[in-house]
Amino acid sequence: MADRKKKNRNTFLLLLIAMVLMIIAYIWLINSKKNKENVDQSENTNDSVTLSSLDVKSIDGIFLKNENGETALKQTKDKKWNNEENSSFPVNQTLASNMAEALKEVKAEQTVVEKADDLSQYGLDQPKLQVTVTLKDGTKTNFLLGNEVPITGGYYGTVNGKGTVYIIPASFYDTFHKNITDMTAVEKIPDIPSNNVTYLKVESKDNPAFEIKYDENNYSDYGGTSKWTILQPYKTPISGDAAEISTLLGNYSGLTFETNVDYKASDLGKYGLDEPYAIISLDYYENESTTDDKTASDKTTSDKTAGDETTSDKTVGDKTTNDKTTSDKTTSDETSSDSTSGTKKYYSLKLLIGSTDESGNYYVKLKDSKAVHTMSKETVEKIIQLDAYNYTNHNINMINLESVDHLDVVIDGTTYTMSVEKTKEKVKGEEIGATKYYFNGKSVDEPKFKELYRLIISPVTEHIIPKDYVKPEKDTPVITITYYRTTDTGKKVVVNYYPYDESYYRANVNGVEYFLTDLRKINEIVEAIKKF
């Protein structure tokens, strides 16, 4: 009995194992078949398909339609692109050319279905994009793009209204899905090298006017270190810091517009440009070369400096020129060679800045243009939000000793005189130049004299005197330094240092008083002179 039960159990186990093996085999066969079908299907649909191939030169026109509107472009004989409905419209030639190149050969990534019964499931009953290219022989090819393909990307599309649905690359969609702003050419602002700028004025509703001018005869710079004068916001011209101004002017080189929002604006009030928020005026020059037979004496000279030349005789693109050549004076910026010589031609540029759009970018336009563009907020703020003090020459009386005959220093009613005497001495029968240095009429060693002089001219400005500061009724200088110079201009320079508070003195140069200087430095000078 026990043997029979054991035998039956073994038989059952064998049958169970056999059944499991059969199930596994069946599942393997089913999956194998499916995999084969998938491979076959992949081989049928994943191959790319060439939908169109043409010569760009043979294109007569391109028609675009999307949710933003319609645009019809026509290619001219000189391979330029015009708006077919408005020939004066400034077409973005780069975008139009990119579209033509994209049509040279259009490939689908794969075929989805040969004959679609329902195009709506692909978004092709109401296409997102229509592109129609017309050749010069009248042949037309029409592309319709619908929904975006999930996961893999690209767009479902058809060609010439046939029922075959393809997956067309996203790059094709991106190339042609443009609005009127995209298709409008953006004006170019002249690329002005910072070294060629001769005048800058920035006017803003929220900030004081800032105005600087390059002047070969900068009488406000007694040290001869800078040709730049700051005309505003100070009531009296102030010498500018050449290095800081050069860095500033770099912000005005390579300015660009973002987009063209209105190529022939008639209502500037829409953009806040009827009463601009800010105005930037810039004068600059360009070097033009002339051949040998054009000598300097043949060139017309200008009686005005670049900063004064605000009128013009003609307009060159977006920049205004007075059609004048450089003056007789040669600057360090001019170059010449045996075969060519540089001629400077001066231009003026005025940029109007209006209100902001929803993104915070500013509406801007060139004064002589009808087109309104946008410029990034970051760029605009960089060129209009200026702190004049940052660009002042912080040296108070950095006067070259070579230009000094003598100087008088008055401290507590006592005058100390430092003088320089240039003579000629004979050395081994040869006459050579010599310089002698005196303090209160007594000869002193050159190193000691120059060490004291360097200390005297070392003070720098630290801060601006507050506008609400009221001078005391009794205002006596702590020290007065008067320079008597051998130059043609600025022969006498008077520097006074007046009390302000426990940390600063007021610096007054020839009656001009805007800045504070470190009290400790001035006290050091006073003590050094008393002990000399």
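The rules we used
- Residues numbered from 1 in each chain as written.
- Predicted model: local features only at pLDDT ≥ 70, side-chain atom pairs only at ≥ 80, totals over all residues.
- Heavy atoms only, no water.
- Patch = residues over 30% accessible without salt bridge, like charges linked within 9 Å, V, L, I, M, F, W, Y side chains within 5 Å.
- Areas by Shrake-Rupley, 256 points an atom, 1.4 Å probe, with all protein chains shown as cover.
- Salt bridge = Lys/Arg side-chain N within 4 Å of Asp/Glu carboxyl O.
- Helix = DSSP H or I, 4+ residues; strand = E, 2+ residues; numbered from the N terminus.
- Buried < 20%, exposed > 50% of the residue type's maximum accessible area, 1.4 Å probe, protein only.
- Pairing = 2+ DSSP bridges.
- Axes fitted to C-alpha atoms, helices over the stretch in contact; angles between N-to-C directions.
- Arc of directions from axis to C-beta.
- Phe/Tyr/Trp six-rings, centres within 6.5 Å; stacked < 30°, edge-to-face > 60°.
- Lys NZ or Arg CZ within 6 Å of the ring centre and 35° of its normal.
- Contact = heavy atoms within 4.5 Å.
- Expected span 1.5 Å × (residues − 1).
- Core = buried A, V, L, I, M, F, W, Y, C linked by side-chain atoms within 4.5 Å.
- Polar contact = N/O pair within 3.5 Å; in protein donor to acceptor, adjacent residues only side chain to side chain.
- Parallel < 35°, antiparallel > 145°, perpendicular 65-115°, else oblique.
- Left-handed = near helix turned anticlockwise from the far one by under 90°.
- Nonpolar A, V, L, I, M, F, W, Y, C, P; charged D, E, K, R; others polar.

A few words now on a nonpolar patch on the surface. Together, Ile-17, Leu-21 and Ile-24 give the surface a local cluster of nonpolar side chains, amounting to about 300 Å² of exposed area. Looking at the secondary structure, you find Ile-17 in helix α1 (residues 2-45). Residue classification places Ile-17 among the partly exposed residues on the basis of a relative accessible area of 49%.

As a further point, take the sheet that holds strand β9 (residues 155-159). Across the sheet, which stays open at both edges, the eight strands sit in the order β4-β3-β2-β7-β8-β9-β10-β6 with antiparallel pairing between neighbours. On the outer flanks of this sheet lie β4 (81-83) and β6 (110-113), each paired with one strand and no other. This sheet shows a mean twist of 25° between the axes of neighbouring strands, independent of strand direction. With three bridges joining them, β9 and strand β10 (residues 165-168) adopt antiparallel strand pairing. Residue pairing across strands places Gly-157 opposite Tyr-166, the latter belonging to β10.

Time to look at helix α6 (residues 446-456). Every buried residue of α6 is accounted for by Phe-449, Leu-452, Tyr-453, Leu-455 and Ile-456. Along α6, the residues classed as buried sweep out an arc of 160° about the axis, all on the same side. Residues of α6 that are exposed and point over 90 degrees away from its buried face: Pro-447, Glu-451 and Arg-454.

What follows is about the packing of aromatic side chains. Enumeration over the complete set of coordinates arrives at 20 aromatic pairs. Between Tyr-155 and Tyr-173, the ring centres sit 4.0 Å apart and the planes meet at 10°, which makes this aromatic pair stacked. In this pair, Tyr-155 is assigned in strand β9 and Tyr-173 in helix α3 (residues 170-176), connecting sequence segments 18 residues apart. For the pair Tyr-155 and Tyr-173, a shared accessibility class is recorded, and that class is buried. When the centroid spacing of 5.9 Å and the interplanar angle of 70° are considered together, the rings of Tyr-285 and Tyr-346 count as edge-to-face. Taken together, the positions of Tyr-285 in strand β16 (residues 278-290) and Tyr-346 in strand β19 (residues 341-356) put the pair 61 residues apart, joining distant regions of the chain. Side by side, Tyr-285 and Tyr-346 carry an identical accessibility label, which is buried. Pairwise contacts between aromatic rings join Tyr-234, Tyr-389, Tyr-514 and Phe-515 into one cluster. One residue, Lys-344, lies across the ring of Tyr-285, its end atom 4.3 Å from the ring centre.

Tracing the chain through its elements places Asn-397 in the loop between α5 (377-384) and β22 (404-411). Given the relative accessible area of 1%, Asn-397 is considered buried. The residues contacting Asn-397, other than those within four sequence positions of it, are Ile-456, Ile-457, Pro-459, Ile-481, Tyr-483, Val-495 and Tyr-497.

According to the stated counting rule, one finds twelve salt bridges in the structure shown. Across the pair Glu-402 and Lys-422 runs a salt bridge whose closest N-O atoms are separated by 3.3 Å. Within this pair, whereas Glu-402 is found in the loop between α5 and β22, its partner Lys-422 is found in strand β23 (residues 414-427), the two being separated by 20 residues in sequence. Both residues of the pair, Glu-402 and Lys-422, belong to the exposed class. Between Glu-524 and Lys-521 there is a salt bridge whose closest N-O contact spans 3.8 Å. Taken together, the residues span about one helical turn, with Glu-524 and Lys-521 both in helix α7 (residues 519-531) at a distance of three residues. The partly exposed category is assigned to Lys-521, whose relative accessible area is 28%. Taken together, the shared-partner salt bridges connect Lys-471, Asp-475, Arg-506 and Glu-513 into one network.

Bringing unusual backbone geometry into the picture now. Put simply, Gln-232 and Pro-233 share a cis peptide bond, and its omega is 20°. The residue Lys-79 is not glycine, and still its phi comes out positive at about 65°. Tracing the chain through its elements places Lys-79 in the loop between β3 (69-75) and β4. Its identity as a non-glycine residue notwithstanding, Ile-151 has a phi of 65°, on the positive side. Relative to the assigned elements, Ile-151 resides in the loop between β8 (140-148) and β9.

Structurally, Ser-48 is set in the loop between α1 and β1 (49-53). Assessed through its relative accessible area of 48%, Ser-48 is described here as partly exposed. Between the alpha carbons of Ser-48 and Lys-107 there is a distance of 6.5 Å; along the sequence they are 59 residues apart.

Now for α7. The end-to-end C-alpha distance of α7 is 19 Å, a good match for the 18 Å that 13 residues give at a rise of 1.5 Å each. Along α7, the residues that are buried comprise Leu-519, Ile-522, Ile-525, Val-526 and Ile-529. Buried residues along α7 cover an arc of 125° about the axis, so they all sit on one side. Set apart from the buried face of α7 by more than 90 degrees, the exposed residues are Arg-520 and Lys-531.

The next thing to look at is the nonpolar core. Core analysis: the biggest nonpolar cluster contains 39 residues, and Leu-200, Phe-210, Tyr-252, Ile-280, Ile-353 and Ile-384 have the highest contact counts within it. Excluding anything up to four places from it in sequence, Ile-384 contacts Val-202, Asn-207, Tyr-277, Ala-278, Ile-280 and Ile-353. One finds Val-409, Tyr-416, Ile-481 and Leu-519 within the second-largest nonpolar core, a separate group that totals 34 residues.

Turning to its location among the elements, Ser-403 is positioned in the loop between α5 and β22. Polar contacts involving the side chain of Ser-403 include one to the side chain of Arg-485, which spans 3.4 Å.

This next bit is on the packing of α6 against α7. Contact geometry of α6 with α7 gives a least axis separation of 9 Å together with a crossing angle of 150°. Considering their axes alone, α6 and α7 lie roughly antiparallel with respect to each other. For α6 against α7, the interelement crossing comes out left-handed. Residues Leu-452, Leu-455 and Ile-456 of α6 pack against Lys-521, Glu-524, Ile-525, Ala-528 and Ile-529 of α7. Classifying every residue of the contact of α6 with α7 by side-chain character gives six nonpolar, no polar and two charged.

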